[in-house]
Amino acid sequence: MITLYRIDDRLVHGQTMIKLLPNYPCDGIIIVNDEIAKNEQMKAIYQSVLPSTVKLHVFDVTKASKKLEEAQKSGKKYYIITKNVTDYERLYELGWVVKEPITVSCCSKKENSIAINNGFFLLPEEIRTYNRLDDLGYEFEIMTMVSKVPSSWKSFKKKFNNY
């Protein structure tokens, strides 16, 4: 079963180990990202930081759209983590609809990005993607490193609806 959907541009890192895994145990983490799926070195690094009880799976978006059904039906618990919201939109376009809230953590500052909140920067095309998925009923709980309480994308949408 899929117990957590997440967006974090760092994917697997200290917060995953210290906060998520102890509070929300899982058997496996599924990273969905085309670039990471092709990068054997990064896959090895991510697996090396996970406890031996947590298996790492990395799929490109197309393969993930087929494999996530197996994870959902499994008796094992899985996290789904992407680097950005665009991967969730592409999964939607391939038929995988997320009905649970998606937690959003760090979205680092990049060239041409817009500060949405502390520690949360998006490119204009990412803002448009959040707005489209919000219109489709997706829920996003934004919890950056400096947040004390999660914010919903809806709390930002009106301000950034013109993108």
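Coordinates for the structure precede this section.
The text that follows walks through the structure, step by step, so that each part is easy to find. The structure presented is a predicted model; accordingly, all values stated were derived computationally and were not measured.

1. Observations regarding the packing of aromatic side chains
Here's step 1: Inspection of every chain in the model, using the stated rule, returns eight aromatic pairs.
Here's step 2: Consider the rings of Tyr130 and Phe140, whose centres lie 4.7 Å apart with planes at 65 degrees: the pair is edge-to-face. Highlighted residues: Tyr130 in helix α6 (residues 124-135) and Phe140 in strand β8 (residues 140-142), separated in sequence by ten residues. With respect to class, Tyr130 is no different from Phe140; both count as buried.
Here's step 3: Given a relative accessible area of 1%, Tyr130 falls into the buried group.

2. What to know about the nonpolar core
Here's step 1: Grouped together as the largest cluster of nonpolar side chains are 33 residues, with contacts concentrated most on Tyr88, Ile116, Phe120, Tyr130, Phe140 and Trp153.
Here's step 2: Top element by residues in this core is helix α4 (residues 61-73). It accounts for four residues.
Here's step 3: If you look at the next biggest cluster of nonpolar residues, it comprises 17 residues, including Leu21, Ile31, Tyr79 and Ile81.

3. Focus: the pattern of salt bridges
Here's step 1: Considering all chains together, one arrives at twelve salt bridges under this definition.
Here's step 2: Two residues, Lys43 and Glu40, come together in a salt bridge whose shortest N-O distance is 2.8 Å. Linking Lys43 with Glu40, this pair stays in helix α3 (residues 40-49), spanning three residues, or about one helical turn.
Here's step 3: Residue classification places Lys43 among the buried positions, given a relative accessible area of 18%.
Here's step 4: Where Asp87 meets Arg90, a salt bridge forms, and the shortest distance between an N and an O atom there is 4.0 Å.

4. Re the sheet that holds strand β2 (residues 28-32)
Here's step 1: Across the sheet, which stays open at both edges, the seven strands sit in the order β3-β2-β4-β1-β5-β8-β9 with mixed pairing between neighbours. Here the strands that pair on one side only, and so sit at the sheet edges, are β3 (55-59) and β9 (151-152).
Here's step 2: Pairing analysis gives three bridges linking strand β5 (residues 102-104) to β8, with the strands arranged parallel. Each bridged residue has a counterpart across the sheet, and for Ile102 the counterpart in β8 is Phe140.
Here's step 3: Strands in contact with α3 are β2 and β3; relative to β3, the strand with the most contacts, it is inclined by about 155 degrees.
Here's step 4: Contacting β1 (2-7), β2, β4 (78-82), β5 and β8, helix α5 (residues 85-93) runs over the sheet at an angle of about 125 degrees to β1.

The rules behind the values
- Residues numbered from 1 in each chain as written.
- Predicted model: local features only at pLDDT ≥ 70, side-chain atom pairs only at ≥ 80, totals over all residues.
- Heavy atoms only, no water.
- Phe/Tyr/Trp six-rings, centres within 6.5 Å; stacked < 30°, edge-to-face > 60°.
- Helix = DSSP H or I, 4+ residues; strand = E, 2+ residues; numbered from the N terminus.
- Buried < 20%, exposed > 50% of the residue type's maximum accessible area, 1.4 Å probe, protein only.
- Core = buried A, V, L, I, M, F, W, Y, C linked by side-chain atoms within 4.5 Å.
- Salt bridge = Lys/Arg side-chain N within 4 Å of Asp/Glu carboxyl O.
- Pairing = 2+ DSSP bridges.
- Contact = heavy atoms within 4.5 Å.
- Axes fitted to C-alpha atoms, helices over the stretch in contact; angles between N-to-C directions.

Distances and angles like these do not, on their own, reveal function.
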